[in-house]
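Coordinate inspection notes
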Amino acid sequence: MTSQNTAQTRTRLLLALWDLGGTQQEVKKGQLTKRIVSKSQKVADYQSIFEELQSQGAIAISKKGYSLTSGKGLEVLGEGLRSGEFKFEGTIVGTWAANALVKWISQIDVAVVSADVPVNGKSAIASYDEFKSVALEVYDKLNQNYNLDDLVPIYRIRREIGDQVSREDFNEWLLKMQEKDILQLQGGSLSDSDADKLEDSITTPVSGLRCYAKRLNS
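About the cut-offs
Numbers given for residues are sequential positions, taken from 1 along each chain in its written order. Only residues with pLDDT of at least 70 are given local features in this predicted model, and only at 80 or more are side-chain atom pairs given and counted; all residues enter the totals for whole chains, interfaces and linings. The side-chain values count all of the structure's non-hydrogen atoms but skip hydrogen atoms and water molecules. Each helix is a run of DSSP H or I of at least 4 residues and each strand a run of E of at least 2, with the numbering of both proceeding from the N terminus. Note on exposure labels: buried denotes an accessible area under 20% of the residue type's maximum, exposed denotes more than 50%, and partly exposed covers the range between, all computed with a 1.4 Å probe on protein chains only. Should any heavy atoms of two residues lie within 4.5 Å, those residues are counted as being in contact. What sets the accessible areas is the Shrake-Rupley method with a 1.4 Å probe; for residues, cover comes only from the shown protein chains. Any two strands between which DSSP finds at least two bridges are classified as paired. Note: the arc covers the axis-to-C-beta directions of the helix. Put simply, a salt bridge is a Lys or Arg side-chain nitrogen that is within 4 Å of an Asp or Glu carboxyl oxygen.

**Examining the overall build of the protein chain**
Helix and strand counts for the protein chain stand at nine helices and eight strands. Taken across its 218 residues, the protein chain has 39% of its residues classed as buried. Here the analysis covers contacts within the protein chain between residues at least 6 apart in sequence; of these, 64% occur between residues at least 24 apart. Surface exposure of the protein chain reaches about 12,800 Å², of which carbon and sulfur atoms provide 46%.

**A look at the sheet that holds strand E4 (residues 152-153)**
Sheet architecture is open: three strands sit in the order E4-E8-E5, paired in antiparallel fashion. The two strands at the open ends of the sheet, each matched to only one other strand, are E4 and strand E5 (183-186). Note that E4 and strand E8 (residues 212-215) share two bridges and pair antiparallel. When the sheet's bridge partners are listed, valine 152 is paired in E8 with alanine 213.

**A word on the pairing of E8**
As paired strands, E5 and E8 are joined by four bridges and run antiparallel to one another. From the neighbouring strand, leucine 185 faces E8, where its bridge partner is alanine 213.

**Topic: unusual backbone geometry**
Residue aspartate 149 is not a glycine yet carries a positive backbone phi of 55°. With respect to the helices, strands and loops of the structure, aspartate 149 is situated in the loop between helix H6 (128-145) and E4. Even without being glycine, serine 193 reaches a positive phi, approximately 50°. As for its position among the elements, serine 193 is in the loop between E5 and helix H9 (195-199). Here serine 193 falls in the partly exposed class, since its relative accessible area comes to 46%.

**Overview of the side chain of asparagine 143**
Among the secondary structure elements, asparagine 143 is positioned in helix H6. For asparagine 143, a relative accessible area of 15% translates into the label buried. Ignoring anything within four residues of it in the chain, the contact list for asparagine 143 reads Leu148, Asp149, Asp150, Leu151 and Val152.

**Here we look at helix H3 (residues 47-56)**
Listing the buried residues of H3 in full gives Ile49, Phe50 and Leu53. The buried side chains of H3 occupy one side of the element, clustering within an arc of 100° when seen end-on. Looking one or two places after H3, you find glycine 57, whose phi comes out positive at around 85°.

**Overview of the pattern of salt bridges**
For the coordinates displayed, the defined rule picks out eight salt bridges. In this structure, arginine 10 engages glutamate 52 in a salt bridge whose closest nitrogen and oxygen atoms are separated by 3.1 Å. Of this pair, arginine 10 sits in helix H1 (residues 3-19) while glutamate 52 sits in helix H3, and the two are 42 residues apart along the sequence. Aspartate 200 serves as the salt-bridge partner of arginine 167, at 2.8 Å between the closest nitrogen and oxygen. In this pair, arginine 167 sits in helix H8 (residues 167-179) while aspartate 200 sits in the loop between H9 and strand E6 (202-204), placing the two residues 33 residues apart along the sequence. Salt bridges sharing partners connect three or more residues here, namely Asp19, Arg35 and Lys103.

**A closer look at the sheet that holds strand E2 (residues 59-61)**
Taken together, the three strands give an open sheet; going across it, the order is E1-E3-E2, and neighbouring strands pair in antiparallel fashion. The outermost strands of the open sheet, each flanked by one partner alone, are strand E1 (27-28) and E2. In this structure, E2 lies alongside strand E3 (residues 65-68), joined through three bridges in antiparallel fashion. Its bridge partner lying in E3, isoleucine 61 is registered against tyrosine 66.

Structure below.
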């Protein structure tokens, strides 16, 4: 296959896997290959593409079938569909492909949000280590830009990171940064006592409401 044909085949494979419910369940190998392998082709022709997508983290392969990873898999599929290289070969497009594209268009917002793929041009945060790096970068930026004297309001950090992380993960991982002596979460009151800002702060079971974060020298 040429690089262009490979890109098209890769996108068509991911689209078929997504349409067959690959983000919710494992799709049997025969069920997927029946859709993507034409009469003039062999399953072996797709082996390198399956391996490439697996190494990318876009799909998972087991002895029985394939599944589409809800984050990376949908990201790669979306990029492929938006690519100027993607098109269907020949004069007849399979009904499944046309219907899958219609479904993708109608569900794209739901698919993107639920997949934790890039939001507003920023990648979703999937791990504590990634969160720690982003949180410290945001802390330093806010502290410097607004002369906050090393006491950065937690609500500002949360809002700066935004939809890149869920509220639950933000709370858990920020508290973990305190446990690791990276940040110290402090009490005190906000100047305007705004209810939304307090809501975007953190309440701990032991210490109660924490409104500020202070970076420790560690």
